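# Chains, contacts and geometry: an overview
These are the residues of each chain, in order.
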Amino acid sequence: MTTLPQNRAGAAIAFVLFGVLCISLNDMLIKQLSSGYPLHQIVFFRSFIALICTFAILRFEGGFAALRTDAPGLHVMRGLLVVVANMAYFLALAVLPLADATALFFAAPLFITLLSIPILGERVGPLRLGAVVLGFIGVVIMQRPWESSASLDVSRLVLLLPVLSALTYALNQLMTRRLGMKAPASVLAIYIQGTFVLVSVGFYLVAGDGRLAEGLENRSLIFLLRAWVWPAPQDFWVLIGMGVNGALIGYCLSQAYRIADAATVAPFEYIGLPLAVFWGFAVFGDLPSWEVWTGIALILASGLFVFFRERAVARRVTPRPVARRH
């Protein structure tokens with residue numbers, strides 16, 4: 001049996017907290033740009049710049065030689081999972097309020113905790129499993145199953161897109177844990193950013209002239225298929241900033257899941273929920289509905305319970321690493 005890397009919970013928590021802060025900024029900026037640019041153009045600019053930044057980090061983690069891998073198929077699969085997770089989430093983000101999309105996406109840590117049992121062989125006790133069930137109840141409430149499709153502001157498909165994103169993201173992070181046994185975080189991030197660049201170029205070749213968006217009324221599909229345009233000067237600098245931010249996201253999350261148990265790291269991603277509410281109100285003037293507030297409360301409660309349960313069983317998760325981010 002292959003030995004997992006040392007469980008460095010404190011450092012992993014610091015990495016995931018900073019990574020989630022960067023994600024919240026990224027989501028806010030993409031929602032702002034979604035009315036004027038196609039998704040694949042935003043992804044191309046962000047990922048190409050992030051790729052350059054991550055290659056600079058690679059110099060300190062083994063250089064180009066570290067890119068050699070005996071598991072190319074796993075890297076490709078992981079990259080495609082990230083592409084699906086991001087595309088599904090951003091398509092929903094163009095239509096849903098920021099807090100709604102983020103809250104639904106936070107089924108991801110729940111999926112991670114559950115799937116870490118069969119995939120990684122990690123031990124998750126009945127109390128933590130009960131907390132995960134509570135979190136999924138929150139996700140169901142946000143789906144508003146008691147309402148008819150006609151009475152919803154968006155389609156059921158749009159509401160399910162962040163959940164699909166959550167599942168594929170969870171699978172990606174668990175694969176990161178496996179690949180992290182041999183690959184540094186910069187290598188894991190480079191393979192992901194490279195996949196984003198290739199997929200966005202493919203979208204440009206197929207739909208970059210905007211012909212596939214003609215006659216569409218669905219805002220998510222228009223965001224996906226509208227024509228490329230040259231960025232306005234102020235937006236060009238935003239895209240560059242998103243690229244640097246994307247490099248930080250890829251590195252921090254890869255590092256977090258590489259050096260600690262998935263069930264330990266995952267609960268700390270919940271900091272993204274209050275951040276999404278903040279950006280949604282501060283930038284877009286949106287406040288969550290009672291269903292979303294209820295879902296957020298249940299998901300936060302389940303995550304906090306998992307955290308304190310970790311402390312109770314004397315694992316290496318303590319409040320001290322969280323304080324270091326200030």
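### Regarding helix H12 (residues 272-284)
An ideal rise of 1.5 Å per residue puts 18 Å on 13 residues; H12 measures up with 17 Å between its terminal C-alpha atoms. For H12, every residue scored as buried is listed here: Gly272, Leu273, Leu275, Ala276, Val277, Trp279 and Gly280.

### Some remarks on the packing of aromatic side chains
Applying the stated criterion across every chain yields a total of 15 aromatic pairs. Plain terms: the ring middles of Phe44 and Phe48 are 5.8 Å apart, the flat faces sit at 15° to each other, and that makes the pair stacked. Placement of the pair is Phe44 and Phe48 together in helix H2 (residues 39-58), with a separation of four residues, close to one helical turn. An aromatic cluster of three or more residues is present, and its members are Phe44, Phe45, Phe48, Tyr204, Trp228, Phe236 and Trp237. The lysine or arginine in question, Lys31, covers the ring of Phe284, its NZ or CZ lying 5.7 Å from the ring centre. Sitting over the face of the ring of Phe60, Arg59 holds its NZ or CZ atom 5.9 Å from the ring centroid.

### Points about a nonpolar patch on the surface
Judged by side-chain polarity, Val201, Tyr204, Leu205, Val206 and Leu212 come together as a nonpolar surface patch covering roughly 450 Å² of accessible area. Among the secondary structure elements, Leu212 is positioned in the loop between helix H8 (185-207) and helix H9 (219-225). Classification of Leu212 by relative accessible area gives partly exposed; the value is 39%.

### Points about the confidence of the model for the chain
Of all residues in the chain, 89% attain a pLDDT of 70 or more, and the chain-wide mean is 83. Within the model, pLDDT remains below 50 along residues 1-5, and this stretch shows eight contacts once partners closer than five positions in the same chain are excluded.

### Examining the pattern of salt bridges
Oppositely charged side chains may form a pair once their charged atoms are brought near each other. In the structure shown here, the tally under the stated rule is one salt bridge. Asp209 is the salt-bridge partner of Arg211, the closest N and O atoms lying 2.8 Å from each other.

### What to know about the environment of Phe105
Tracing the backbone through its elements, the reader meets Phe105 in helix H4 (residues 98-105). Of the residues examined, Phe105 reaches a relative accessible area of 15% and is grouped as buried. The sequence separation of Phe105 and Tyr169 amounts to 64 residues, and the corresponding C-alpha distance is 9.2 Å. Beyond its immediate chain neighbours, meaning those up to four positions away, Phe105 contacts Tyr89, Pro162, Ser165, Ala166 and Tyr169.

Calculation rules
- Residues numbered from 1 in each chain as written.
- Predicted model: local features only at pLDDT ≥ 70, side-chain atom pairs only at ≥ 80, totals over all residues.
- Heavy atoms only, no water.
- Helix = DSSP H or I, 4+ residues; strand = E, 2+ residues; numbered from the N terminus.
- Expected span 1.5 Å × (residues − 1).
- Buried < 20%, exposed > 50% of the residue type's maximum accessible area, 1.4 Å probe, protein only.
- Phe/Tyr/Trp six-rings, centres within 6.5 Å; stacked < 30°, edge-to-face > 60°.
- Lys NZ or Arg CZ within 6 Å of the ring centre and 35° of its normal.
- Patch = residues over 30% accessible without salt bridge, like charges linked within 9 Å, V, L, I, M, F, W, Y side chains within 5 Å.
- Areas by Shrake-Rupley, 256 points an atom, 1.4 Å probe, with all protein chains shown as cover.
- Salt bridge = Lys/Arg side-chain N within 4 Å of Asp/Glu carboxyl O.
- pLDDT = per-residue confidence, 0-100.
- Contact = heavy atoms within 4.5 Å.

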